[in-house]
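A closer look at the structure
Okay, here's what each chain looks like letter by letter:
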There are 2 protein chains.
Amino acid sequence: MANNKKMVEAITSRDEDFAKWYTDIVKKAELVDYSGVKGCMVIRPYGYAIWENIQADLDRRFKETGHENVYMPMFIPESLLQKEKDHVEGFAPECAWVTVGGQEKLQERLCVRPTSETLFCEHYKKIINTYRDLPKLYNQWCSVVRWEKTTRPFLRTSEFLWQEGHTMHETEEEAREETLRMLHVYSDFYKETLAIPAVIGRKTEKEKFAGAEETYTIEPMMHNGVALQGGTSHYFGDGFAKSFGITYTGKDNKLHYPHQTSWGVSTRMIGALIMVHSDDDGLVLPPKISPIQVALIPVAQHKEGVLEKAEELRKALAEKFRVKLDSSDHAPGWKFAEYEMKGVPVRVEIGPKDIEKNQCVVVRRDTREKAFVSIDELVPFVENLMATIHNDMYDRALKNTQEKTFTATTFDEFVDTAKNKPGFIKAMWCGDTACEEKIKEVTGGVKSRCIPFNEEHLSDVCVCCGKPAKHMVFWGKQY
Amino acid sequence: MANNKKMVEAITSRDEDFAKWYTDIVKKAELVDYSGVKGCMVIRPYGYAIWENIQADLDRRFKETGHENVYMPMFIPESLLQKEKDHVEGFAPECAWVTVGGQEKLQERLCVRPTSETLFCEHYKKIINTYRDLPKLYNQWCSVVRWEKTTRPFLRTSEFLWQEGHTMHETEEEAREETLRMLHVYSDFYKETLAIPAVIGRKTEKEKFAGAEETYTIEPMMHNGVALQGGTSHYFGDGFAKSFGITYTGKDNKLHYPHQTSWGVSTRMIGALIMVHSDDDGLVLPPKISPIQVALIPVAQHKEGVLEKAEELRKALAEKFRVKLDSSDHAPGWKFAEYEMKGVPVRVEIGPKDIEKNQCVVVRRDTREKAFVSIDELVPFVENLMATIHNDMYDRALKNTQEKTFTATTFDEFVDTAKNKPGFIKAMWCGDTACEEKIKEVTGGVKSRCIPFNEEHLSDVCVCCGKPAKHMVFWGKQY
């Protein structure tokens, strides 16, 4: 490999400077480019192809659970945004405002949607009349804008792409079920498609979404021990319904307020893919969302029969995988480095000597393991290998998460761990926001990630104040 | 049918009031809802499902012709928009401007993209260096905003969904080829997927896109004889490249400006689907983009064996088609009317008497023809029927276009036809904008649609001024 690396400009080492390593990958794998608009990114073809694969997989999961896609306006009149008090307080400070349209000053300014609860509520008010109209299970794929001071590609940008599900239900029980169902759709997707393990649970009062009764979250850990809020699912109760006057006639012939949820994931997930799996040679992509699954590289391609054989292999592989046969005039070593940088899970090399032996060389991107495989066995071999790569990537990420998850039962231990051991800390908590604030201040940014569904009993008292503990909480720094 | 119609509120007759008929369908087929934001629409699940089918089909065609999807910021800084003079003059008057972000007044205001030529050029300037970087064949699916005074769902809205292709090429010849290739991708799509015939050709100087050297257009005729600009493809030459300073080192080792194209179609196409094919009972959708292709209606569904048989048919049909088995407690007649309103191409009815005879009833939405079909033959029968429906829909639309296409060789004849016969007028033209302006004024809105690729020689002189004719032009009113 040493030879190949010399041919491409090296990227910063992950252990040396994690932040610079991240932006190097983003740039050199050609995922994004910076734009002239503050905090907005250009998502380049390779980055967008990852997003399209993510979208297709999630969209199938949403449709299988009965959801329908819709499209709402991108603008929210200021008066509409203000209808739910907590919600507007949470979002107004980071809104972009349109004040001029078609050369005239607008009578009412319009916010570029930071999220669309208010627009969905306005629409639901018109189309929900009786229990027969429920549930409404809508989803929207779109871009949203939140004015950010400091930005980083995929992780925090003023504009980003996402999906937002917004549903309405007859009863609290149904809405709560939906909230958890979608959280589990997300965690299944993280595990089965992104090969990323995550802690899931409920956000504390302090960390929940503006306007929600409860927020559930999926929190994968990045390679450096920092958390990324990977997706959230909110139960709203009937708060928005009351603010917007949405009612339905129930089976009992009386008027009721419906119960609401919303849930979303975004292009941040591409940031998670980088920070969980990738290494000093570039991206490492899980097979299911990699735009190219097999890079097929002819060796000594000018020799008779090599390109013909390569094309034969391409055809056979293309029936099962997204294959790219690269017969450009770059040297094989340059190509090896290029597809390593792009995180392509499997490389297949075929040259004159391989053809003589009716074999080819198969190299995994994640471990660099190399195998000589009979051409007759190539397709089933690669098929098995893809499953193995996915599972191994998941297991390595899980191991990293477990190794960087610590326990603290005293405040000193907590602070010491927070300072010296990047990762999650499990600790008991009394339920008071004051303790969260103190922990954040003393540790320089550690926040509650979530109250997991399976709480452990680590001690009887809050790690911060010593009062009786109510919950076990995962704590950690975040992107 | 008479009975069914009574059960749903009737829509306005198409012949009586075309505009009201249109908005009735949009509303009752649940395609869109009006929003609280001026000129912006809510695209409801059924309308959005049509758009998803359109997107999937077009996206496949774009990828087959070598294009890649990307995502650009939704904001354009004012200084960037101003870089190409003709372009900014065309778009600035209808821009929505963001002037406040995150509670602070912006130093430079940002336009919400009305189209993205300028953003693509800014990016291309960074990534195009040598002839090896060309061509760049990018496409973007997104929403754009053009501040409109009077709006109508799908046809003219302040925000709409579209795709915009933006490509860069080494030579003028290649760029011109691309411009025409994409025009033909559009016209193939209109014919093969939407079952809509169209006149295609080049726009006159007056009607071309702001900043383009040439604009090509696809112009389908609506049932009432009015044209809809159904899609455009532009050749830009190197005008933007010069304004933005985009150069590449050619094979000759010298600096050159690349040649550029852009092309787009939008949710307007859903408006065309309605206005070309639909009737007084609602939507009529071509099979390829209909969200439901077969509506399966059990008759006397409480009787033993009916629902079981219906489910058996659903399974068999679902292997080839998007089927909906409606076993809700509405009466069959209500269901017939409902799926007629939604334009579902084929209805299959199955009841106890049919089961006895091992048959079912198959009804076409477009012609109302009914057939009794053996259950064993159902799937291949429906498969053939779908092809027949598509072709018949196309042929009827073509017949309508032909019947409403007239010829004029004198100005009086032209004005008389424009006033009394809605449709296209073929007439000779000298090439002067002044004649286009006069024609528009005298006829109350007739404009040149395009100069078709196959011009006929109708006379030697311009129908307006009598000077020597340069071209035959299709003229007509437009949405």
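See the structure above.
Because the structure is a prediction, the values reported are computed rather than measured.

Secondary structure assignment for chain A yields 15 helices and 23 strands. Relative to a compact globule of 479 residues, whose C-alpha radius of gyration would be 23 Å, chain A shows 25 Å and is just as compact. Based on the C-alpha atoms only, the size of chain A along its principal axes is roughly 80 × 55 × 50 Å. Expressed as a percentage of the 479 residues in chain A, the buried residues total 60%. Put simply, 69% of the contacts in chain A that link residues at least 6 apart link residues at least 24 apart. As displayed, chain A offers around 19,300 Å² of accessible surface, 47% of which is attributable to carbon and sulfur atoms. Here chain A contributes 65 positively and 73 negatively charged side chains, and the mean placements of these two sets differ by 2 Å.

Looking at the largest pocket, its volume works out to about 2,000 Å³. Taken together, 41 residues form the lining of the largest pocket, with Glu30, Lys324, Glu338 and Lys342 of chain A together with Glu68 of chain B sitting closest to its centre. Of all the elements, helix H3 (residues 45–64) of chain A adds the most residues to the lining of the largest pocket, at 5 residues. When its residues are assigned to classes, the lining of the largest pocket shows 16 nonpolar, 8 polar and 17 charged.

Residue and element names in this part refer to chain A. Taken together, the side chains of Asp15, Glu16, Asp17 and Asp280 present a region of like negative charge at the surface. For Glu16, the location among the structural elements is in the loop between helix H1 (2–7) and helix H2 (18–28). Judged by its relative accessible area of 66%, Glu16 is exposed.

Further remarks concern the pattern of salt bridges. Residue and element names in this part refer to chain A. One pass over the full model with this rule turns up 80 salt bridges over all chains. Here Lys251 makes a salt bridge to Glu170, at a shortest N to O gap of 3.6 Å. Residue Lys251 is located in the loop between strand S12 (248–249) and strand S13 (255–256), and its partner Glu170 is located in the loop between strand S8 (159–169) and helix H7 (172–192); the two are separated by 81 residues in the primary sequence. Classification of Lys251 by relative accessible area gives exposed; the value is 62%. The buried category is assigned to Glu170, whose relative accessible area is 17%. Counted as one network, the salt bridges with shared partners bring together Asp57, Arg60, Arg61, Glu64 and Glu192.

For the rest of this paragraph, the subject is the pairing of strand S11 (residues 231–237) of chain A. Residues and elements named next belong to chain A. With 7 of 7 residues buried, S11 is to be regarded as a mostly interior element. Residues Gly231, Ser233, Tyr235 and Gly237 point to one face of S11 and Thr232, His234 and Phe236 to the other, with burial holding for every one of them. Taken together, the 5 bridges between strand S10 (residues 214–219) and S11 define a ladder with antiparallel strand orientation. Across the sheet, residue Thr215 finds its bridge partner in S11, namely His234. Relative to strand S14 (residues 259–266), S11 runs antiparallel, the two being bridged by 5 bridges.

What follows deals with the relation of the copies chain B and chain A. For the match of chain B to chain A, the screw axis carries a shift of 0.0 Å, the RMSD comes to 0.0 Å, and the turn is 180°. Here the two chains are linked by the operation of a two-fold rotation axis. Every residue of chain B has its C-alpha some distance from the rotation axis, and the shortest such distance is that of Val98 of chain B, at 2.1 Å. Comparing interface residues between copies, 100% of those in chain B also sit at the interface in chain A, which points to an isologous, same-surface contact.

This paragraph deals with the interface of chain B and chain A. Chain B puts 54 residues into the contact, and the matching count from chain A is 54 residues. Counting each side, the surface lost to burial between chain B and chain A is near 4,500 Å², with a carbon and sulfur contribution of 59%. The tally of links from chain B across to chain A stands at 6 salt bridges. One salt bridge in this structure joins Lys126 of chain A and Asp33 of chain B, with 3.4 Å as the shortest N-O distance. For the pair chain B and chain A, the number of links is 27 residue pairs in polar contact (both at pLDDT 80 or more). Top contributing element to the side of chain B that touches chain A by residue count: strand S5 (residues 96–101) of chain B, with 6 residues. A per-class count over the side of chain B that touches chain A returns 30 nonpolar, 9 polar and 15 charged. Pairing geometry for strand S5 (residues 96–101) of chain A and S5 of chain B, over 5 bridges, is antiparallel. Pairing of Val100 of chain A across the sheet is with Trp97 of chain B, part of S5 of chain B.

Let's shift gears to the sheet that holds strand S10 (residues 214–219) of chain B. Residue and element names in this part refer to chain B. Spatial strand order, S3-S7-S8-S14-S11-S10-S9-S22-S23-S21-S20: 11 strands in an open sheet with mixed pairing. One side of each edge strand has no neighbouring strand; the edge strands of this open sheet are strand S3 (68–69) and strand S20 (405–407). By the bridge criterion, 3 bridges tie S20 to strand S21 (residues 424–429) in an arrangement that is parallel. Bridge pairing links Thr407 to Lys426 in S21. Contacts from helix H14 (residues 411–420) reach S20, S21 and strand S23 (471–476) within the one sheet, and its direction differs from that of S21 by about 160°.

Moving on: the sheet that holds strand S22 (residues 447–452) of chain A. Remark on secondary structure: sheet strands pair via backbone hydrogen bonds, oriented parallel or antiparallel. Residue and element names in this part refer to chain A. One open sheet accounts for 11 strands, arranged S3-S7-S8-S14-S11-S10-S9-S22-S23-S21-S20; its pairing is mixed. The open sheet has two edge strands with one neighbour each: strand S3 (68–69) and strand S20 (405–407). Across 10 bridges, the pairing between strand S7 (residues 136–145) and S8 is antiparallel. Note on S8: the bridge partner recorded for Leu137 is Thr167. Docked against the sheet, helix H14 (residues 411–420) engages S20, strand S21 (424–429) and strand S23 (471–476), running at close to 160° with respect to S21.

Rules and cut-offs
Residues numbered from 1 in each chain as written. Chains lettered and ligands numbered in written order. Predicted model: local features only at pLDDT ≥ 70, side-chain atom pairs only at ≥ 80, totals over all residues. Heavy atoms only, no water. Helix = DSSP H or I, 4+ residues; strand = E, 2+ residues; numbered from the N terminus. Rg over C-alpha atoms; globule rule 2.2 N^0.38 Å. Buried < 20%, exposed > 50% of the residue type's maximum accessible area, 1.4 Å probe, protein only. Contact = heavy atoms within 4.5 Å. Areas by Shrake-Rupley, 256 points an atom, 1.4 Å probe, with all protein chains shown as cover. Lys, Arg positive; Asp, Glu negative; His and termini not counted. Charge placed at Lys NZ, Arg CZ, Asp CG, Glu CD. 1 Å grid on protein atoms, 1.4 Å probe; cavity = no way out; pocket = protein on both sides within 12 Å on 5 of 7 lines; lining within 4 Å. Points joined across faces, edges and corners; volume = space filled by probe spheres on them. Nonpolar A, V, L, I, M, F, W, Y, C, P; charged D, E, K, R; others polar. Patch = residues over 30% accessible without salt bridge, like charges linked within 9 Å, V, L, I, M, F, W, Y side chains within 5 Å. Salt bridge = Lys/Arg side-chain N within 4 Å of Asp/Glu carboxyl O. Pairing = 2+ DSSP bridges. Least-squares fit on C-alpha atoms with pLDDT ≥ 70 in both. Buried area = accessible area lost by both parts, 1.4 Å probe. Polar contact = N/O pair within 3.5 Å; in protein donor to acceptor, adjacent residues only side chain to side chain. Axes fitted to C-alpha atoms, helices over the stretch in contact; angles between N-to-C directions.

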